[in-house]
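The residues making up each chain are set out below.
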Amino acid sequence: MGGALRASYSRHVRSSAVCRARPCARASVALRAAVSTPVCVAFYGAVLFWCVRQHVGDQFVYFKTLAPAIAYLTVCVHYGPLFRLLLEHDAKHLDHLLFTCMFRIVRLTRADLAAMHENAQQFVESAFRFGVGGGGGTDDHSSYDPRACALKLLHDAVRIRSRYTFDKLLAFSQRVITTQPQSSSSSSQALDVMLDKDAVLCILGYLANILRKAHDGK
């Protein structure tokens, strides 16, 4: 599946100078050409949303497949015909995408915590550069960072589609931050609560400029 998706992206952009750009940029430009093609919209939307949901469902999805899939969903935020796909069924797809899928991708995992305990400096450098580290070439793994792509999607959704996302983001963030572990909770459950709060704070930090402008505009 992942190989077929990457091959499809390559066919869209093979003759374009954008092929020399970063991979997520290639995905965005490739899918812009498909906006007016209903078959492409339906195919890419179903397959790539499926990729994201598989990953969130703890199924293995190669990061070089997952990151362009998220990049496509970011394109959906920008273009009306694609964004309408996310608004179907009372925006159920949009809410699930932002507050379940992207939240889970941003959220640190137990594997992340193990890596941090093993080598904290290396973990911070690799996990929090948001796709700007390394050599900057097309094969640089940081260019395919799903966490960076997820934060970009959240940023664009709140900035461009604030009517549908801003108040929901604040309500979701408040709910997560004010959640307290139950006194009878195990250490594992308490850790999950803390990881949820960490993910929300990471998202809010990434959206700081948008939130500040909204506050100043009141």
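The coordinates are above.
None of the values given here were measured: they were computed from a predicted structure.

1. Thoughts on the overall build of the protein
Piece 1. From N to C terminus, the protein includes 12 helices and zero strands.
Piece 2. Counting helices and strands in the order they occur from the N terminus, the protein gives α-α-α-α-α-α-α-α-α-α-α-α.
Piece 3. Of all 218 residues assigned to the protein, the portion counted as buried reaches 42%.
Piece 4. Roughly 12,000 Å² of accessible area belongs to the protein as shown, and the carbon and sulfur atoms make up 55% of that amount.

2. Observations regarding the pattern of salt bridges
Two side chains that carry opposite charge are able to pair once their charged atoms sit near each other.
Piece 1. Throughout the structure, instances matching the rule amount to seven salt bridges.
Piece 2. Among the salt bridges present, the one from Asp-112 reaches Arg-147, with a minimum N-O distance of 3.0 Å. With a gap of 35 residues between them, Asp-112 in helix α7 (residues 110-118) and Arg-147 in helix α9 (residues 146-160) connect regions that are remote in the sequence. The burial state of Asp-112 is the same as that of Arg-147; both residues are buried.
Piece 3. Across the pair Lys-152 and Asp-156 runs a salt bridge, and its minimum N-O distance is 2.6 Å. Placement of both Lys-152 and Asp-156 in helix α9 is noted, with a separation of four residues, approximately one turn of the helix.
Piece 4. Among the residues examined, Lys-152 registers a relative accessible area of 39% and is labelled partly exposed.
Piece 5. When its relative accessible area of 1% is taken as the criterion, Asp-156 is described as buried.
Piece 6. Here the salt bridges share partners, and the residues they tie into one network are Arg-107, Arg-110, Asp-192 and Asp-196.

3. A closer look at the packing of aromatic side chains
Piece 1. Tallied over the full model, the rule gives five aromatic pairs.
Piece 2. Judged by centre distance (6.4 Å) and plane angle (75°), the ring pair of Phe-63 and Tyr-144 falls under edge-to-face. Here Phe-63 is found in helix α4 (residues 63-78), whereas its partner Tyr-144 is found in the loop between α8 (120-127) and α9, with 81 residues between them in sequence.
Piece 3. The class for Phe-63 is partly exposed, based on a relative accessible area of 23%.
Piece 4. In this structure, Arg-161 is placed above the aromatic ring of Phe-83, and the distance from its NZ or CZ to the ring centre is 4.3 Å.

4. Focus on the environment of Gly-57
Piece 1. Along the chain, Gly-57 turns up in the loop between α3 (38-56) and α4.
Piece 2. Look at Gly-57 and you get partly exposed, because its relative accessible area is 43%.
Piece 3. Expressed as a C-alpha distance, the spacing of Gly-57 and Cys-101, which sit 44 residues apart in the sequence, is 9.0 Å.

Quick notes on the rules
- Residues numbered from 1 in each chain as written.
- Predicted model: local features only at pLDDT ≥ 70, side-chain atom pairs only at ≥ 80, totals over all residues.
- Heavy atoms only, no water.
- Helix = DSSP H or I, 4+ residues; strand = E, 2+ residues; numbered from the N terminus.
- Buried < 20%, exposed > 50% of the residue type's maximum accessible area, 1.4 Å probe, protein only.
- Areas by Shrake-Rupley, 256 points an atom, 1.4 Å probe, with all protein chains shown as cover.
- Salt bridge = Lys/Arg side-chain N within 4 Å of Asp/Glu carboxyl O.
- Phe/Tyr/Trp six-rings, centres within 6.5 Å; stacked < 30°, edge-to-face > 60°.
- Lys NZ or Arg CZ within 6 Å of the ring centre and 35° of its normal.

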